[in-house]
Amino acid sequence: MKVSASVYSNKKKSLRDLVRELDEFIVDFLHMDCNDEPAVFDDIREIREFSKTPIDLHIITSDPEKYFDGIRETRPELVTFQYENLKKGWNIPSDLGCRLGLAIVSDTPVSVFEPVAARFDFILFMTTTPGKSGGTFNKENFAKIREFRKRFPDKKVHVDGGVTADISFVLRNMGVYAAVSGSYLVNSEGMGNAMHNLRSNYYVPSGTHVKDFMLGNGEVPRITESAGLMEILKSIEEFNLGFTNVVNAGGELLGLISNADVRRGILKNPGKVESLKASDMINRNPVCAHSEMLIGEMLEMIRNTGASILYLPVVGRGKKLEGVVSFTNLIKGE
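Residues numbered from 1 in each chain as written. Predicted model: local features only at pLDDT ≥ 70, side-chain atom pairs only at ≥ 80, totals over all residues. Heavy atoms only, no water.

With respect to the packing of aromatic side chains
Following the criterion strictly, the structure yields nine aromatic pairs and no others. Pairing F113 with F148 gives two aromatic rings, centres 5.1 Å apart and planes at 80 degrees, and the pair type is edge-to-face. Of this pair, F113 sits in the loop between strand 5 (99-105) and strand 6 (122-126) while F148 sits in helix 4 (residues 141-151); the two residues are 35 residues apart in sequence, bridging distant segments of the chain. Here the two residues F113 and F148 agree in accessibility, since each one is buried. Relative to F152, the ring of F113 lies with its centre 5.2 Å away and its plane at 70 degrees, an arrangement referred to as edge-to-face. Here the residue F113 occupies a position in the loop between strand 5 and strand 6, and F152 occupies one in the loop between helix 4 and strand 7 (156-160), the gap between them amounting to 39 residues. For F113, a relative accessible area of 0% gives the class buried. For F152, a relative accessible area of 5% gives the class buried. Through a chain of ring-to-ring contacts, three or more aromatic side chains come together here, namely F113, F125, F148 and F152. Residue placement shows R20 over the ring face of F50; its charged tip is 5.2 Å from the ring centre. Its end group placed over the ring of Y177, K156 keeps NZ or CZ at 5.0 Å from the ring centre. (Phe/Tyr/Trp six-rings, centres within 6.5 Å; stacked < 30°, edge-to-face > 60°. Helix = DSSP H or I, 4+ residues; strand = E, 2+ residues; numbered from the N terminus. Buried < 20%, exposed > 50% of the residue type's maximum accessible area, 1.4 Å probe, protein only. Lys NZ or Arg CZ within 6 Å of the ring centre and 35° of its normal.)

Examining the environment of G101
By secondary structure assignment, the location of G101 is in strand 5. According to the relative accessible area criterion, G101 is buried, its value standing at 0%. G101 sits 21 residues away from T80 along the chain, and the two C-alpha atoms are 4.3 Å apart. G101 has contacts with V79, T80, F81, F120 and F122, leaving out every residue within four places of it along the chain. (Contact = heavy atoms within 4.5 Å.)

A few points about the nonpolar core
One finds L22, L57, L171, L185 and M298 to be the most contacted residues of the largest nonpolar core, which totals 76 residues. Residues contacting M298, with those up to four places away along its chain left out, are F169, V210, F213, M293, L312, V325 and F327. (Core = buried A, V, L, I, M, F, W, Y, C linked by side-chain atoms within 4.5 Å.)

Digging into unusual backbone geometry
The phi dihedral of I26 falls on the positive side, at around 55 degrees, and the residue is not glycine. Of note, I26 is situated in the loop between helix 1 (15-24) and strand 2 (29-35). Phi is positive for D36, which is not a glycine, with a value near 55 degrees. Considering the arrangement of structural elements, one finds D36 in the loop between strand 2 and helix 2 (40-50).

Quick look at the pattern of salt bridges
One pass over the full model with this rule turns up 18 salt bridges. Of the charged contacts in the structure, one is a salt bridge between R72 and D69, with a shortest N-O distance of 3.0 Å. Taken together, the residues span about one helical turn, with R72 and D69 both in helix 3 (residues 68-74) at a distance of three residues. The exposure class assigned to D69 is exposed, which follows from its relative accessible area of 58%. A salt bridge links D261 to R264; its shortest N-O distance comes to 2.8 Å. Within this pair, D261 and its partner R264 are both found in helix 10 (residues 259-268), separated by three residues, close to a single helical turn. A single network of salt bridges, built from pairs that share partners, joins R16, E46 and E49. (Salt bridge = Lys/Arg side-chain N within 4 Å of Asp/Glu carboxyl O.)

Section: the sheet that holds strand 4 (residues 78-82)
With parallel pairing, eight strands are arranged side by side around a closed barrel as 1-2-3-4-5-6-7-8. On average, adjacent strands in this sheet sit at an angle of 25 degrees to one another, irrespective of strand direction. Pairing between strand 1 (residues 2-6) and strand 8 (residues 178-181): four bridges, direction parallel. Paired with K2 across the strands is A178, a residue of strand 8. (Pairing = 2+ DSSP bridges. Axes fitted to C-alpha atoms, helices over the stretch in contact; angles between N-to-C directions.)

Comments concerning the sheet that holds strand 11 (residues 243-247)
The sheet built from three strands is open, its strands ordered 10-11-12 with mixed pairing. Every interior strand has two partners, whereas the edge strands, strand 10 (222-223) and strand 12 (253-258), have only one. In this structure, strand 10 lies alongside strand 11, joined through two bridges in parallel fashion. Residue pairing across strands places I223 opposite V246, the latter belonging to strand 11.

And the structure:
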């Protein structure tokens, strides 16, 4: 996952000193919030004199037209417009020479991206109050990110607000392309250590629980023990996770069936493929996470299993199935 450093979040260092320090730690983008202030282009011109790091410009304005010439001149690599501030009928020309993004706050539905999907490259989820540094990540956005990725699978997801080490781990696990880090990174006494934590898979103390970011019950496959082979295959195919959960009438997790379990079940019973049931191929002892686990506890559990883990069923009280954690996006990203 790319890291975009919010340069205006640090008020103590000069722009030149801060950018040079960020460049030493190989930050991916320099994020610049423009709250309807065209003077931002003066800062971009200054940065261009000594840094080759791509500019990630976020413009909050009701009059985007007054920024077009500045964009054409200074050529920021990424330009994002804040949806809630735009007037009706706004139009972005095609000759700006940058990748375009649409930023939305937590209360705005992802459906507003539909009219610009043909031309815009990414969405920026504002997960704290826009323009205010040091806020706490609004965890309701985890579900919105999943919704957006389903509706617009070819578009990139950027996140801005409250991105700490543990939130970064979750976002990478969800396939987020870039995260803007403000106070956590640029105001850190150890900027190198903060950058490492944003990109590291190692345990970082946190307050984020598995239930905060797991795929919920409506997003995961489930069948009963009596399900036949075709029902099993359809369940695995529909949710595209590589497995399906097996539950009883009360929702208690009995085990899971992966693609490999199906293959083994068929090989063991070549003469009765059509009569195979879930009970013939179920793994009754899968590694599971508990919904109240912290991220660090989950990672420690995975390390102690000694096996490769691509996904984890998540259970709550009474071993009832509550969701799934999938590591596919994290593996792809890393």
